[in-house]
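Close look at the chain arrangement
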Amino acid sequence: TIGTRPIKGVLFTGQPGTGKTMLARIIANSTQSAFYEISGPEIFSKWYGQSEELLRKIFEDAAQQEQAIIFFDEIDSVAGQRADESHEASRRVVAQLLTLMDGFTKNNIVVIATSNRPQDIDVALRRPGRFDWEINFPLPNRLDRELILQVATKRFNISDNLPHAWVAQKTEGWSAADLAAIWTEAGLLAAADERSIILPEDYIGGFELVAAQRRRTTKLSTKGNSK
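Calculation notes
Sequence order sets the numbering: in each chain, residues are counted from 1 along the sequence as written. In keeping with the predicted nature of the model, local features appear solely for residues at pLDDT of at least 70, side-chain atom pairs appear and are counted solely at 80 or more, and the whole-chain, interface and lining totals rest on all residues. To obtain the side-chain values, all non-hydrogen atoms of the structure were used and water was disregarded. Nonpolar core, defined: a set of buried Ala, Val, Leu, Ile, Met, Phe, Trp, Tyr and Cys residues in which side-chain atoms within 4.5 Å join the residues together. Think of it in three bands: with a 1.4 Å probe and only protein chains considered, a residue is buried below 20% of the maximum accessible area for its type, exposed above 50%, and partly exposed in between. Counting from the N terminus, the helices are the DSSP runs of H or I reaching at least four residues and the strands are the DSSP runs of E reaching at least two. Should any heavy atoms of two residues lie within 4.5 Å, those residues are considered in contact. In this description, strands pair whenever DSSP reports at least two bridges between them. Fitted lines through C-alpha atoms serve as axes, helices being fitted only where they are in contact, and the angles separating the N-to-C directions of these axes extend from 0 to 180 degrees. The arc in question is the one spanned by the directions pointing from the helix axis to the C-beta atoms. Put simply, angles under 35 degrees are roughly parallel, angles over 145 are roughly antiparallel, angles from 65 to 115 are roughly perpendicular, and the rest are oblique. Handedness of a crossing follows from how the near helix is turned relative to the far one, being left-handed for an anticlockwise turn of less than a right angle and right-handed for a clockwise one. Throughout this entry, Asp, Glu, Lys and Arg are counted as charged residues, while Ala, Val, Leu, Ile, Met, Phe, Trp, Tyr, Cys and Pro are counted as nonpolar. The remaining residues, Gly among them, count as polar.

**Description of the nonpolar core**
Formed by 28 residues in total, the largest nonpolar core has its most connected members in Phe59, Ile70, Phe72, Ile75 and Val111. Those elements that place two or more of their residues in this core are strand E2 (34–38), helix H3 (50–63), strand E3 (68–72), helix H4 (88–103) and strand E4 (109–115). By residue number, the principal contributor to this core is H4, which donates six residues. Every residue in contact with valine 111, bar those within four places of it in the chain, is listed here: Lys8, Gly9, Val10, Phe59, Ile70, Phe72, Met101, Phe104 and Phe131.

**As for the side chain of glutamate 146**
Tracing the sequence through the fold places glutamate 146 in helix H5 (residues 142–152). Residue classification places glutamate 146 among the buried positions, given a relative accessible area of 16%. Apart from residues no more than four positions distant in its own chain, glutamate 146 is found in contact with His164, Ala165 and Ala168.

**Looking at the sheet that holds strand E1 (residues 9–14)**
Pairing in this open sheet of five strands is parallel, and the strands run E2-E3-E4-E1-E5 from one edge to the other. In the strand order of this sheet, the two ends are held by E2 and strand E5 (131–137), each with one partner. Strand-to-strand twist across the sheet, computed as the mean angle between neighbouring axes with direction ignored, equals 20°. When E3 meets E4, the two strands line up parallel, connected through five bridges. Within the sheet, the bridge partner assigned to isoleucine 70 lies in E4 and is valine 111. Relative to E1, helix H1 (residues 20–30) is tilted by about 145°, and along the sheet it contacts E1, E2, E3, E4 and E5.

**Examining the environment of isoleucine 70**
The residue isoleucine 70 is located in strand E3 in this model. A residue is classified by how much of its surface remains accessible, and isoleucine 70, at 0% relative accessible area, is buried. When the C-alpha atoms of isoleucine 70 and isoleucine 109 are compared, they prove to be 7.3 Å apart, with 39 residues separating the residues in sequence. Beyond its immediate sequence surroundings of up to four residues, isoleucine 70 is in contact with Tyr36, Ile38, Ile58, Phe59, Ala62, Ile109, Val110, Val111 and Ile112.

**Structural notes on H1**
Listed as buried for H1 are Lys20, Thr21, Ala24 and Ala28. One side of H1 holds all its buried residues, which, seen down the axis, span an arc of 100°. In H1, the exposed positions angled more than 90 degrees off the buried face are occupied by Met22, Asn29 and Ser30. Positive phi shows up at glutamine 32, right after H1, with a value of about 55°.

**Some remarks on the packing of H5 against helix H7 (residues 176–192)**
At their nearest, the axes of H5 and H7 sit 10 Å apart, and the two run at 40° to each other. If you check the angle between H5 and H7, you find them oblique. Of the two elements, H5 crosses H7, and the hand of that crossing is right-handed. Residues Arg145, Ile148, Leu149 and Ala152 of H5 lie in contact with H7, whose contacting residues are Ala176, Leu179 and Trp183. Classifying every residue of the contact of H5 with H7 by side-chain character gives six nonpolar, no polar and one charged.

Read these as spatial facts, not as claims about activity.
Quick look at the structure:
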């Protein structure tokens, strides 16, 4: 009605596990949009031109829908910076994606992409008219973490008085995915003890197991970077 150019592309940035992919699916579901999810391994083909043809077919099919979201998960793996040392297939895919985003004129398509390394995305894709918006997903703060833990309990068989506030305070820098892992470990501890309910000791034990795994992962990552 206003006459301005609509947004074609939105880039979700942030660390893994912060809910970028989940929000894209929620948007598609809440708007009753056709949802096309694309990842790097699905796009790249050893056969010349096949990757570009697949992209064209996805955009063509989306154009026939009343509303559609084309979703690129970790787009930096698909559309990285083009340079002399870049793989030819990658350069062709980036060029095709640029053409497709510039070419579709119908307002029924929105392209959403995620990346935890936005600096690796080809700069041409981040110019106006392509990925116009960038929305950063921060790690949850203490209150966020407590709410995430509380909401998750609706799906589980748990005892009363689980120490959510204590766990939230101990999990600075954790993502929502890290917090979800606590429940998996807690459930395993309860099952190993032949119980069908998660008790506070299971909950705390789950936290300790995930915390130990995070420490090991961080240690290995630090060793790799130092090399």
